[in-house]
Amino acid sequence: MPRFLSRFIKNLLNWFSILNICRIICNKKELVPILIYHRIGEDFNTKTDKSSFYLKKLLVSKKRFEKQIKYLTGKYNVISLTEYLNKKLRGENLSGYAVVTFDDGFKDFLTIGLEILNKYNCPATVFIIGDATETIYWKHKLYSILDCAEIKFINFKVTPELNIDISLVNAQKKQQTLNALLEIIEQYPDTQKENIIERIKKVLNVSKEIKPDELYLTKNDLAILYKENIINIGAHSMSHNNLTNLNTSNITKEINDSVDVIKKLTKNDMLLYSSPFGGYNEKIIEILKEKNFVCNLTGDFGLNKKDEDNYRLKRIFITEESLSEFVYKVSGFEMFYRNLFY
């Protein structure tokens, strides 16, 4: 379905209160939406057209974010993830509740998001990458480099046998380049990934140093957030690798090390976990339980039933979208539509 037609239909559903009726029905059924955000931005424009984070649907504008939070706190009782889990444990009524989460621990959670969350007294949980104080996850580094590029078109030699055109002349070309680069680089070991990305930085004449403390929350930032009554801090692995692609030993190390990071930061025994890329399996869940994590937030789409498995909690991925599109997702209408037609 064309985007403009999809938006028109969602606007109609919202204008005629169909989405509101759906929300009321889902509330009565005690279905709880858990939202997932990543970045919040003042502006999407970079040296090479739209931000790579925006093109990969990881960036929501400050203006849209505030509209979404204003709607959410006006229609739902937004509670922290820990309070939600405690209410589930006690068997309390979950009608009308919602939960807000952020993955990856980007800096703008503190510099932009916290002000809005405090304004609407909206609790949130931020899941941090354990080694983000020292290194940048390779995809995030690539996105940042492409946004800062001085050269907008070049033929890049990935290997002696493989060349690719890097075109950043407009948003469409940049999107195509991003997808192609991600597919290619994904195949290589971490050390080779870093080497390729550094070479891309050099050929694109990127002078700006991409620093972890400018992209992610620092230890000092997290100490500030820890003092905020409405903020929970959870683990999002150490390296942000998809754990489903790792062997048992490496999965255990990723989770073990993230436990140490969170305990030092929060001194909280209620350990919260969000799987990178939403990927999980029985082995991952088994290890999380062994390490006393009380939940795992996944990439599975939908609202959560009262008896939803705490280690398979569903989430709703939020992007830069109109309020009607936002309500369409959060109200449960999209979930019912998917269940009916897919």
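Just so it is clear, the model here is predicted, and its values are computed rather than measured.

(A) Highlighting helix H11 (residues 219–226). Taken as a whole, H11 has its buried residues at Asp-221, Leu-222 and Leu-225. End-on, the buried residues of H11 take up no more than an arc of 95°, which puts them together on one face. Among the exposed residues of H11, those oriented more than 90 degrees off its buried face are Lys-219 and Asn-220. For H11, the elements touching its buried residues are helix H6 (108–119), strand S8 (124–128), strand S11 (231–235) and helix H12 (248–266).

(B) Structural view of the side chain of Asn-241. Mapped onto the secondary structure, Asn-241 falls in the loop between S11 and H12. Filtering out sequence-adjacent residues up to four positions away, Asn-241 remains in contact with Asp-190, Glu-254, Pro-276 and Phe-277.

(C) Main features of the layout of surface pockets. The calculated volume of the largest pocket comes to roughly 1,200 Å³. Counting residues per element, the lining of the largest pocket draws most heavily on helix H1 (residues 3–15), at 5 residues. Grouping the amino acids of the lining of the largest pocket by side-chain chemistry returns 19 nonpolar, 12 polar and 14 charged. Computed from the structure, the second largest pocket encloses a volume of approximately 420 Å³. Lining the second largest pocket are 22 residues, and of these Arg-39, Phe-53, Ser-144, Asp-147 and Leu-215 lie nearest its centre.

(D) Expanded view of the pattern of salt bridges. Under the counting rule described, the total for this entry stands at 25 salt bridges. The residue Glu-150 makes a salt bridge to Lys-47 at a minimum N-O spacing of 2.4 Å. One end of the pair, Glu-150, is in the loop between helix H7 (138–148) and strand S9 (153–159); the other, Lys-47, is in the loop between strand S3 (45–46) and strand S4 (49–50), with 103 residues separating them in the sequence. On the basis of relative accessibility, which here comes to 46%, the residue Lys-47 falls in the partly exposed class. For Lys-329, the salt bridge identified is with Glu-321, shortest N-O distance 3.1 Å. Exposure remark for Glu-321: the relative accessible area of 5% places this residue in the buried category.

Reading the values: the criteria
- Residues numbered from 1 in each chain as written.
- Predicted model: local features only at pLDDT ≥ 70, side-chain atom pairs only at ≥ 80, totals over all residues.
- Heavy atoms only, no water.
- Buried < 20%, exposed > 50% of the residue type's maximum accessible area, 1.4 Å probe, protein only.
- Helix = DSSP H or I, 4+ residues; strand = E, 2+ residues; numbered from the N terminus.
- Arc of directions from axis to C-beta.
- Contact = heavy atoms within 4.5 Å.
- 1 Å grid on protein atoms, 1.4 Å probe; cavity = no way out; pocket = protein on both sides within 12 Å on 5 of 7 lines; lining within 4 Å.
- Points joined across faces, edges and corners; volume = space filled by probe spheres on them.
- Nonpolar A, V, L, I, M, F, W, Y, C, P; charged D, E, K, R; others polar.
- Salt bridge = Lys/Arg side-chain N within 4 Å of Asp/Glu carboxyl O.

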